[in-house]
Amino acid sequence: MTATTHEANVLGDDPFATENLLDPYPFLGRLREAGAVSYLESTGSYAVAGYEEVYEVLTDFETYISSGGLGPRDIRKDSGWRPPSILESDPPIHTVMRRALTGVINPGTVRALRQPFTPPAVELAEQLARRDRFDAVTDLAEKYPLRVFPDAVGISDGGREHLLPYGNMVFNAFGPENYIFKQAFAQEDEHAAAVMRNCQRENLDDTGFGAQIWDRVNEGIITEQQATLLVRALLSAGVDTTIFGIGNTLSVLVRHPQAWARLRENPKLAKFAVDESLRLESPFQKFHRTVAVDTVLGGVHLPAGAKVLVFLGAANRDPRKWGDNADEFDLDRNASGHVAFGMGLHQCVGQPIARLEMEIILQQLAERVAAIEPDGAPVPILHNVLRGFESLPVRITGA
Amino acid sequence: MTAPAGTTIDAVVDHVDVVADQVVSLVLRRVDGRPFQPWQPGAHIDVHVGDGLVRQYSLCSSPEELDHLRIGVLHVPDSRGGSKAVHALLAGFQLAISEPRNNFPLRESRRYLFLAGGIGITPLMPMIEAAERAGKEWTLIYGGRSRGTMAFARQLEDRYGTDRIRIFAEDEVGRLDLDSILGMPRAHMLVYACGPGGLLNAVEERCMGWPPGVLHTERFVASTLGAAAANAPFEVELARTGSTIAVPNDKTILEAVEGIGVRVLSSCRGGLCGTCETRIISGEPEHRDAVLTEEDREAGGIMLVCVSRAAAGCPRLVLDL
Ligand code: HEM
Ligand code: FES
C-alpha cells in the first residue's frame, strides 16, 4: 500500500448539469487538471478522467466491481429497477454469462453479417445521395442500426419501436434520478414489458443471436433467466450506442472535408475514421464502478462502498496518452487503445457488430457522396451518460 | 541480433535423463564450448533430427544458464520419426540445432495462471522460474494421465511447494475440472496454457468468460507432440500498395507491413480480437490466432496478420493490403 496518500481534490462542478451534458469537454478538461482522482460533491462519488487511472479502474475488476451497478446508487443495497444484467455482474456470475455470449458473438460469427448488413446500407445511401441536404442523425444514424441489428438478434417486427425508448431508460439510469432520468422513465412499464417479451425464446426466430444464446441453456452453460437477460442486454446495449457512434463519426467528418476526400479515394480508411471518431466523440461517456475493498488510486484513499465515476470520454482525450492534439481529429492517428468500448472484463461484446455497421454505412455513403458539410448547427442530445446528437443537418454534393 | 533462419549450431548431447514414462530430457551444449545466445521463457529451438526432418522443442532449462539448453521430448509412436529419432540419441551424439526463438513470450503482468497438459509443461518451466524471481503471484495447474507420465512433476513440487504446484493425475482424480479452475477470473492475471489441442480448445472456450486477451497458448502440432510450429522467413506481396516485403523470422506480418508505412487496423496484436483480419489473394497461411473457426480456415480467404504466417513451403503470400 502506498505510504503517502492525500485527500482527493473536491470539485463543485456537476457532471450531470445540463451545460456539462450538452458540451462535456470543458468540464472534463478541468476534471483532468484537478488531479488523478477527484471527489465530486454534487454526486457524492469519486471521479477518474485520466487515461492511466481509467485504465486501472477498468482492468482491476476485483477492486472496482460492477455488481454495485453502473449508476450512482449501490444496487446491492437497494435493488435496482430491473434484475441485474451482465454489465452489472461480477465473476463468477459474469463469467458464465460472458462465456455464453462470446461463444455466440465473436469476430467469426459477426463476419457472416457483412452480407445481410450491406444491401440496407446501399439502399439508404442511394436514397440520401439523391437529396442535397438531409439530417445525418434522424435520416441516417437512427435508421440504419434499426434496420439491421434487430434482424441479427432475431426479434419479430412487432415492438421494435420500443427499443430506442428502452435503451434510453437503461443508459440514463447510469446517471442520477434527475429530470432527464424521469423523462426517460415516463412510460417505463410499457417499454420494459415489450422488450422483455422479445427476449423469450418463442418470440425469437431460429437463426439469430437470440436463439443461439438460448441454445446455450440446452448446453447447460446458462439458465433460462440468464438467457433472457443476455438477449435483453443485446437489445438494450446494441442500438443507441451504435446510432450515436454513426452520428458522432459523421459529426466529425463533416468538419473535415479532406478526411472525407481521402475516404472516398481509399474506402479502407473507413475503419480508421470510425476508430478515431469513437476516440474523439465517445458515445458511452461515463459510468460508475463500486469500490469493493479499501484501496488507493493515484495517491487517494478510496473507502469500500464508494462509487467511482469513470470518464471514458475524458481518458480518450487525455494529452498524456494522445499528445497535445488529443482534442483534434487526426485520420493518421493510431487510435488503438482507446476505451470507447471499455477495457478488460466487461469490454464491449458487441464491438465487432458495431464496427461492422459503422464501417459499412460510412463506406456506402462515401462512395455516393462527393462532399458533405454542415448545414446549420448540430443539436447535442441531453443524456446522462451517452454523447451524441439529436440532429445533424448536412448539405451534400452527389458523386 | 538473431541469427538468420537456417543458420544452425553444432551441438552435442551432454546427457539424457528419463524424466517420465516415454519422456526424456536432453541437455545440449555447443560443440565449440561457447554459451548460447540469451533467450526468454517460452522459447524453442529447431532440432535437425536427420533425414531432413526438423522439429521444434520448447526449452525447459533456465534462461539464466546459457552454457546449456534442455528440452523435454515425449515419445510419440506415430510421429513420423521426429520424437523417435530424438529418443534414440545418446550422450556424446552430435546434432544441428537453431538458436533459441520465441513465439510464446511471457508478457508483463501482476499474476499468472500456468496450465499444462502433459509434455506441455516444458515451456512453462522457465516461465514459472521468471515469475517466481520477479515476485509475482502465480499457480501451476498441471494435468496428465498418471503421475508416472508427468515429467518434472515431483521436482516442481519440491521446489515450489504443493500450494502453487497443483498436480492433477487423471488416474487419481479424473480429468482437469476446467469449469472450476477457470470459473473465477482474477484481475491482472494472464493465463499461459500449453498442451494437446483438445485441452487448449476447452481452455479457450472457458476463457471466453475472462477479459479479452488474457489467454496465451502454445499449440503443439498434433503429429509431433512436443514440437511447436516454426517461424520461417517469407515474403508478402501487398496487392493494393504494389510492393513486396520480407517478413523475417522475428517479425510478424503486421510489424513488417507497418514498417513500410502501410496501415492495418489492429488492437490486441495477439490473435485474439479479429481486428487485423486481412484478405488473402494467394498463398497458404498458417493460422496461429484464436479467432478463426475451422470453417473460416478451410474457406481460406482470410488471416489475422498480427500472429499468423505463411505455411511451411509457401514462400510468398499475396494480401489485399
Ligand atoms: C459504438 C457502439 C458501442 C459502444 C461505444 C459500446 C460501448 C460499450 C462499453 C464502454 C462497454 C463496457 C461497459 C463496462 O465496462 O461496464 C460495453 C459493454 C457491452 N456492450 Fe457495448 N458498445 C457499443 C455497441 C454494442 C453493441 C452493438 C452491442 C450488442 C451486440 C453491445 C453489447 C454490449 C454488452 C452485452 C456489454 C456488456 C459486456 C460485459 O459486461 O461483459 N454493445 N459496451
Ligand atoms: S490485432 Fe487482434 S487479432 Fe490481430
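Just so we're clear, the structure is a prediction, and the values are computed from it rather than from any experiment.

Engineer: Would you mind showing me how to read the overall build of chain B here?
Structural biologist: Regarding its fold elements, chain B presents eight helices and 19 strands. By the compact-globule yardstick of 20 Å for 321 residues, chain B fits well, its C-alpha radius of gyration being 20 Å. The burial tally for chain B puts 52% of its 321 residues in the buried class. Contacts spanning at least 24 positions in sequence make up 66% of the contacts within chain B whose residues lie at least 6 apart. Mean positive and mean negative side-chain charge positions of chain B (32 and 41 charges, respectively) differ by 3 Å.

Engineer: Looking at this structure, how should I read the overall build of chain A?
Structural biologist: Each helix and strand counted, chain A has 19 helices and 13 strands in total. The C-alpha atoms of chain A give 21 Å as radius of gyration, which agrees with the globular expectation for 399 residues (21 Å, within 12%). Along the longest, intermediate and shortest principal axes, the C-alpha atoms of chain A span 65 × 55 × 40 Å. Once local pairs closer than 6 in sequence are excluded, the contacts in chain A between residues at least 24 apart make up 73%. Total accessible area computed for chain A in this model is approximately 15300 Å², and 50% of it derives from carbon and sulfur atoms. Charge-centre separation for chain A: the mean point of 38 positive side chains lies 4 Å from the mean point of 53 negative side chains.

Engineer: Looking at this structure, how should I read the coordination of the iron atom of ligand 1?
Structural biologist: Perfect tetrahedral coordination of a metal by four donors corresponds to 109.5 degrees between them, and perfect octahedral coordination by six donors corresponds to 90 or 180 degrees. You will see that the iron atom of ligand 1 has only one donor from the protein, A:Cys348 (SG), lying 2.3 Å away. With respect to the element layout, A:Cys348 can be found in the loop between α18 (319-322) and α19 (351-368).

Engineer: Is there a simple way to explain the packing of helix α4 (residues 93-104) of chain A against helix α12 (residues 209-218) of chain A in this structure?
Structural biologist: Axis angle and axis distance: for two packed helices, these are the angle between their axes and the distance between the axes, and together they describe the pair. All names here are of chain A. Where α4 contacts α12, the two axes come as close as 9 Å, and the packing angle between them is 135°. Put simply, α4 runs oblique to α12. Two packed elements cross with a definite hand, and for α4 against α12 that hand is right-handed. Counting all contacts with α4, which are made through Arg-99, Ala-100, Leu-101, Gly-103 and Val-104, the residues of α12 involved are Phe-209, Gln-212, Ile-213 and Arg-216. Broken down by class, the residue content of the contact of α4 with α12 amounts to five nonpolar, two polar and two charged.

Engineer: What should I look at first to understand the packing of aromatic side chains in this one?
Structural biologist: Each aromatic ring pair is summarised here by two numbers: the centre-to-centre distance and the angle between the ring planes. Following the criterion strictly, the structure yields 15 aromatic pairs over all chains and no others. Arranged with centres 6.4 Å apart and planes meeting at 45°, the rings of B:Phe114 and B:Tyr192 form a pair that is tilted. Taken as a pair, B:Phe114 in strand β8 (residues 111-117) and B:Tyr192 in strand β11 (residues 189-195) lie far apart in primary sequence, 78 residues in all. Over the ring of A:Trp322 we find A:Lys321; its NZ or CZ atom is 5.4 Å from the centre of that ring. Lying across the ring of A:Phe272, B:Arg263 places its NZ or CZ 4.3 Å from the centre.

Engineer: Where do I start with the interface of chain B and chain A in this structure?
Structural biologist: A common measure of how large an interface is: the accessible area buried when the components associate. In this assembly, 31 residues from chain B lie in contact with 31 residues from chain A. Across the chain B to chain A interface the summed buried area is about 2500 Å²; carbon plus sulfur atoms make up 52%. Broken down residue by residue, the surface that chain B buries against chain A is led by B:Met208, B:Arg263 and B:Leu265, which jointly contribute 27%. Inspection of the chain B/chain A interface yields 10 salt bridges.

Engineer: What should I look at first to understand the domain arrangement of chain B in this one?
Structural biologist: Taken domain by domain, chain B consists of domain 1 (9-97), domain 2 (111-227) and domain 3 (234-319). A straight line from the C-alpha centre of domain 2 of chain B to that of domain 3 of chain B covers 29 Å.

Engineer: Which parts of the structure should I look at to understand the sheet that holds strand β13 (residues 234-238) of chain B?
Structural biologist: Working definition: the strands of a sheet are paired by backbone hydrogen bonds and lie parallel or antiparallel to each other. All names here are of chain B. The five strands are arranged β14-β13-β19-β15-β17 in an open sheet whose pairing can be described as mixed. Where the open sheet ends on each side, the last strands, each with one partner, are β14 (243-247) and β17 (302-304). Between one strand and the next, the sheet's axes are offset by a mean angle of 40°, whatever the strand orientation. Note that strand β15 (residues 277-282) and strand β19 (residues 316-319) share two bridges and pair antiparallel.

Engineer: Whenever I open this one, the pairing of β15(B) confuses me. Can you help?
Structural biologist: When a strand is regular, its side chains alternate between the sheet's two faces. Here β15(B) runs beside β17(B); their pairing, made up of three bridges, is antiparallel. Among the inter-strand pairings, B:Thr278 is bridged to a residue of β17(B), identified as B:Met303.

Engineer: Which parts of the structure should I look at to understand the environment of A:Val217?
Structural biologist: Residue and element names in this part refer to chain A. With respect to the helices, strands and loops of the structure, Val-217 is situated in helix α12. Considering only alpha carbons, one finds Val-217 and Lys-307, 90 residues apart in sequence, at a separation of 34 Å. Apart from the residues within four sequence positions on either side, Val-217 is in contact with Ile-222, Thr-223, Glu-224 and Ala-227.

Engineer: Would you mind showing me how to read the sheet that holds strand β13 (residues 393-398) of chain A here?
Structural biologist: Residues and elements named next belong to chain A. Spatially, the three strands line up as an open sheet ordered β5-β13-β10, and their pairing is antiparallel. Either end of the sheet is taken by a strand with one partner, and the two such strands are β5 (133-135) and β10 (369-374). Mean inter-strand twist for the sheet, computed between neighbouring axes without regard to direction, equals 30°. Bridging between β10 and β13 involves five bridges; their strand directions are antiparallel. Across the sheet, Val-369 pairs through a bridge with Gly-398, a residue of β13. Against the sheet, α19 contacts β5, β10 and β13, and its axis sits at roughly 105° relative to β10.

Criteria and cut-off values
Residues numbered from 1 in each chain as written. Chains lettered and ligands numbered in written order. Predicted model: local features only at pLDDT ≥ 70, side-chain atom pairs only at ≥ 80, totals over all residues. Heavy atoms only, no water. Helix = DSSP H or I, 4+ residues; strand = E, 2+ residues; numbered from the N terminus. Rg over C-alpha atoms; globule rule 2.2 N^0.38 Å. Buried < 20%, exposed > 50% of the residue type's maximum accessible area, 1.4 Å probe, protein only. Contact = heavy atoms within 4.5 Å. Lys, Arg positive; Asp, Glu negative; His and termini not counted. Charge placed at Lys NZ, Arg CZ, Asp CG, Glu CD. Areas by Shrake-Rupley, 256 points an atom, 1.4 Å probe, with all protein chains shown as cover. Donors = N, O, S within 2.8 Å, 3.2 Å for Na, K, Ca; no water. Axes fitted to C-alpha atoms, helices over the stretch in contact; angles between N-to-C directions. Parallel < 35°, antiparallel > 145°, perpendicular 65-115°, else oblique. Left-handed = near helix turned anticlockwise from the far one by under 90°. Nonpolar A, V, L, I, M, F, W, Y, C, P; charged D, E, K, R; others polar. Phe/Tyr/Trp six-rings, centres within 6.5 Å; stacked < 30°, edge-to-face > 60°. Lys NZ or Arg CZ within 6 Å of the ring centre and 35° of its normal. Buried area = accessible area lost by both parts, 1.4 Å probe. Salt bridge = Lys/Arg side-chain N within 4 Å of Asp/Glu carboxyl O. Domains from an automatic or database assignment. Pairing = 2+ DSSP bridges.

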